[in-house]
Amino acid sequence: MKRALKTAFVCQQCGHAAPRWLGQCPACDAWGTLVEEAVADARIRPTTPIASSATQPLATVTATPEMRRSTGVGELDRVLGGGLVQGSIVLLGGDPGIGKSTLALQACGALAGQGLPVLYVAGEESPEQVRLRADRLGLGDSGILVLPETTAESVIEQIERVKPCAVVVDSIQTLHTTALASAPGSVGQVRESAALLVTRCKASQTACFLIGHVTKEGALAGPRVLEHLVDTVLYFEGDGAHALRVLRAVKNRFGSTNEVGVFEMGDRGLAEVGNPSAAFLAERPAGAPGSAVLATLEGSRPVLVEIQALVSRSALAMPRRTPIGLDLGRTALLLAILEKRCGVRLHDQDVFLNVAGGLRIDEPAADLAVIASVASSARGKALPDDVVLWGEVGLTGEVRSVARADVRAREAARQGFARCILPAGNARGLVVDDATRVHGVATVADLFDVLRLS
Ligand SMILES: [Zn+2]
C-alpha cells in the first residue's frame, strides 16, 4: 500500500506546526505565515544507517573544475560565470513579460543546436504557443523537446526517460506535487516541487533553469522562497516600455555576482548589447537642461547612463519627489544638500528624476550626477554635452572618492567625452588620455563653479 505523505502547516516565522491552515499563527500571532509542508513521519525509522563523512586534511583535497557548457548566449554565459555548470540549478526571476521565456528558449535552442537533448517544460503556454515563439526566434526546427506538464512527479519521470543535458521549467509557479493538497502557486507547493526537481537534477547532473515570476509588489509567491535551494539566482530587469534589459546575478555558487548582461529586445528575440553605454545614451537630447551623464559601474563593467531631472513649481502643499530608478531616501537627502549648501530653492518645487533606459542605480557614486541634473533643471541651464560625472556627496556638501575611478574615466574617454568631473580624491594622479581632461571637485560648491551653475 502506498503511504500517503503527511503534511503540516508550518509557520514561516517561528516554526510552529498546525494540522490545518490558520490565518494567524497561534504561537507568534503573525498573520498569513502558515505554509503547507510535507513532513517526514517520525514513527518510520530509516532502515539504513545515516552515512557519516570522515575527516581529511584540507591539503589532500583535490578540486576539479566544474564542467561548463556555453549556452550560446554570450551575455548569459558571462553572468553565469563563464557558461552553464552541469548539474547546476539556475533560478531566472523577473517581472512578467520581461523576456525570461525568450532568454531561456534562446539558450535551449543553442544547446539543442550542439546536438544535446534539451527539455522545455511548458506549464504556462501550450506547445503550439512555444512553437510560435520558437519560430519567431528562428529556433522552430532546433530539436528542443517540449513537455506540457504541471505535475512535478511527471516532469521527473520524463527527465529520467529523456536524460536531457538541460531542462527549463516555465514557470515554477505552475508546478505542483501530488504530495501536498494546497493549490498550485502557493508557497508550499512551489517550494516542495522545486525541492523534488532539484534533488533529481543534482543526482542526474542535469542543468536546470527554473523560471519564476516576480510580482510588482515584490512580495512573491515563488522566487524568494527558492533562493536557498538553487545554486544561482538571476534577475532580469528593465521595464516593458524600453527595449534594454539587464540580467543580474544576485547569487552565484559558481561565479561572481559582479557580472551583468545587457540585452536588447527586438522582433527576433534578445540581442546581446556589446556597447551598453552607447545604447543607454543613444537618445540623449543635446543642449537640454536637466540632463547629466553618469559613469556608473554595473558589476565590474563601467556603463555611461543619462540622469534626467525635471524641477517645476508645485501646486501641492507637499511637493512631489519622484525618483525613477534611484533611491527615494537618497534623493531626498541630495535635494536637502542642494537647498542648504548651494541655495537652490526646491521646497516649493516638484522634483522628478529618471534614469534613462530603465536602469536601476543603487551606488552613491550617482550623487554628483543627480545634483548636477537637478541644479541644471532648476536653473534652466544645460550642462556641457561633453561632460561625464560621478562621485559620492556627503552631508556637509563634501565630495567623496568612489571605487574604480580609472575604469570609469577610461569608459568616458572611449565614448568620446572630453571632460570628467569626479571627486578630488580620485582625480589625484589619474591620467586618462590626451583628449580627456579630469576636473577634481572637493565640494558641491566646486561643482557649481566648474559647471557655472551658481
Ligand atoms: Zn508563528
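The model shown is predicted, which means the values in this text are computed figures rather than measured ones.

Each helix and strand in the protein was counted, giving 12 helices and 23 strands. Principal axes of the C-alpha set define a box for the protein whose edges measure 85 × 55 × 55 Å. Burial statistics for the protein: of 454 residues in total, 48% are counted as buried. Relative to all contacts within the protein whose residues are 6 or more apart in sequence, the contacts with residues 24 or more apart total 67%. About 21500 Å² of surface is accessible on the protein, with carbon and sulfur atoms providing 53% of the total. Here the protein holds 46 positive side-chain charges and 48 negative ones, and the gap between their average locations is 3 Å.

Take the pairing of strand β11 (residues 232–237) next. With 5 of 6 residues buried, β11 is to be regarded as a mostly interior element. Two elements, β11 and strand β12 (residues 244–252), share 6 bridges in a ladder whose sense is antiparallel. When the bridges of β12 are listed, Leu 234 appears paired with Ala 249.

Overall, the coordinates contain 21 salt bridges when judged by the stated rule. Between Asp 141 and Arg 131 there is a salt bridge, and its shortest N-O distance comes to 3.7 Å. Residue Asp 141 is located in the loop between α3 (127–136) and β8 (145–147), and its partner Arg 131 is located in helix α3; the two are separated by 10 residues in the primary sequence. Taking the relative accessible area as the measure of exposure, Arg 131 reaches 41% and is therefore partly exposed. Among the salt bridges present, the one from Glu 363 reaches Arg 408, with a minimum N-O distance of 2.9 Å. Of the two residues, Glu 363 sits in the loop between β18 (349–355) and α9 (367–379) while Arg 408 sits in helix α10 (residues 405–414), which places them 45 residues apart along the sequence. Each of Glu 75, Arg 78, Glu 259 and Arg 301 takes part in salt bridges that share partners, so that together they form one network.

Here the focus is the side chain of Glu 298. One can find Glu 298 in strand β15 (residues 291–298). Here Arg 248 takes part through its side chain, which lies 2.7 Å from a polar atom of the side chain of Glu 298. If we ignore the near neighbours within four places in the chain, the residues touching Glu 298 are Arg 248, Asn 258, Val 260, Val 303, Leu 359 and Arg 360.

A separate point is the side chain of Thr 151. For Thr 151, the location among the structural elements is in the loop between β8 and α4 (152–162). Those residues in contact with Thr 151 that sit more than four places away from it in its chain are Leu 175, His 176 and Thr 178.

A separate point is α4. Residues Ala 152, Val 155, Ile 156 and Ile 159 constitute the buried set of α4. Seen from one end, α4 has its buried residues packed into an arc of 100°, which puts them on one side. Elements that come into contact with the buried residues of α4 comprise β7 (118–122), β8, β9 (166–170) and α5 (187–203). One or two residues past the end of α4 sits Lys 163, with phi positive at roughly 50°.

A few words on the sheet that holds strand β23 (residues 437–441). Read across the sheet, 7 strands follow the order β17-β18-β16-β15-β19-β22-β23 without closing on themselves; strand pairing throughout is mixed. With one partner strand each, in any of the chains shown, β17 (321–324) and β23 form the two edges of the open sheet. Each strand of the sheet is rotated relative to its neighbour by a mean of 25°, with strand direction disregarded. Sheet topology places β17 next to β18; 4 bridges connect them, and they run parallel. Looking across to β18, one finds that Pro 323 is bridged to Leu 353. On the sheet, helix α8 (residues 328–342) packs against β17 and β18 and is oriented at approximately 125° with respect to β17.

Let's shift gears to the nonpolar core. The biggest cluster of nonpolar side chains holds 62 residues, and the ones touching the most others in it are Ile 307, Leu 338, Ile 361, Ile 371, Val 374, Leu 389 and Trp 390. It is α9 that provides the largest number of residues to this core, a total of 7 residues. In this structure Ile 307 touches Gly 290, Ser 291, Ala 292, Leu 294, Leu 326, Leu 353, Asn 354, Val 355, Ile 361, Ala 369, Val 370 and Ser 373, once residues within four positions along its chain are discounted. Among the nonpolar cores identified, the runner-up in size contains 35 residues, and Val 79, Val 90, Ala 107 and Val 130 belong to it.

Strands in a sheet are paired, the pairing made by backbone hydrogen bonds, and the direction either parallel or antiparallel. On the basis of which strands lie adjacent, the open sheet formed by 3 strands has the order β2-β1-β3 and antiparallel pairing. Edge positions in the sheet fall to β2 (17–18) and β3 (34–39), since each of these pairs with one other strand and no more. Note: strand β1 (residues 6–11) against β3, 6 bridges, orientation antiparallel. Note that in β3 the partner of Thr 7 across the bridge is Ala 38.

Among the residues of α3, those classed as buried are Val 130, Arg 133 and Ala 134. Summarising the axial view, the buried residues of α3 lie within an arc of 100°, below the 170-degree limit, and thus occupy one face. For α3, exposure combined with an orientation more than 90 degrees from the buried face picks out Glu 128 and Leu 132. Buried residues in α3 make contact with α2 (100–113), β7 and β8. Of the residues one or two after α3, Gly 138 is the one with positive phi, at around 75°.

Reading the values: rules and limits
Residues numbered from 1 in each chain as written. Predicted model: local features only at pLDDT ≥ 70, side-chain atom pairs only at ≥ 80, totals over all residues. Heavy atoms only, no water. Helix = DSSP H or I, 4+ residues; strand = E, 2+ residues; numbered from the N terminus. Buried < 20%, exposed > 50% of the residue type's maximum accessible area, 1.4 Å probe, protein only. Contact = heavy atoms within 4.5 Å. Areas by Shrake-Rupley, 256 points an atom, 1.4 Å probe, with all protein chains shown as cover. Lys, Arg positive; Asp, Glu negative; His and termini not counted. Charge placed at Lys NZ, Arg CZ, Asp CG, Glu CD. Pairing = 2+ DSSP bridges. Salt bridge = Lys/Arg side-chain N within 4 Å of Asp/Glu carboxyl O. Polar contact = N/O pair within 3.5 Å; in protein donor to acceptor, adjacent residues only side chain to side chain. Arc of directions from axis to C-beta. Axes fitted to C-alpha atoms, helices over the stretch in contact; angles between N-to-C directions. Core = buried A, V, L, I, M, F, W, Y, C linked by side-chain atoms within 4.5 Å.

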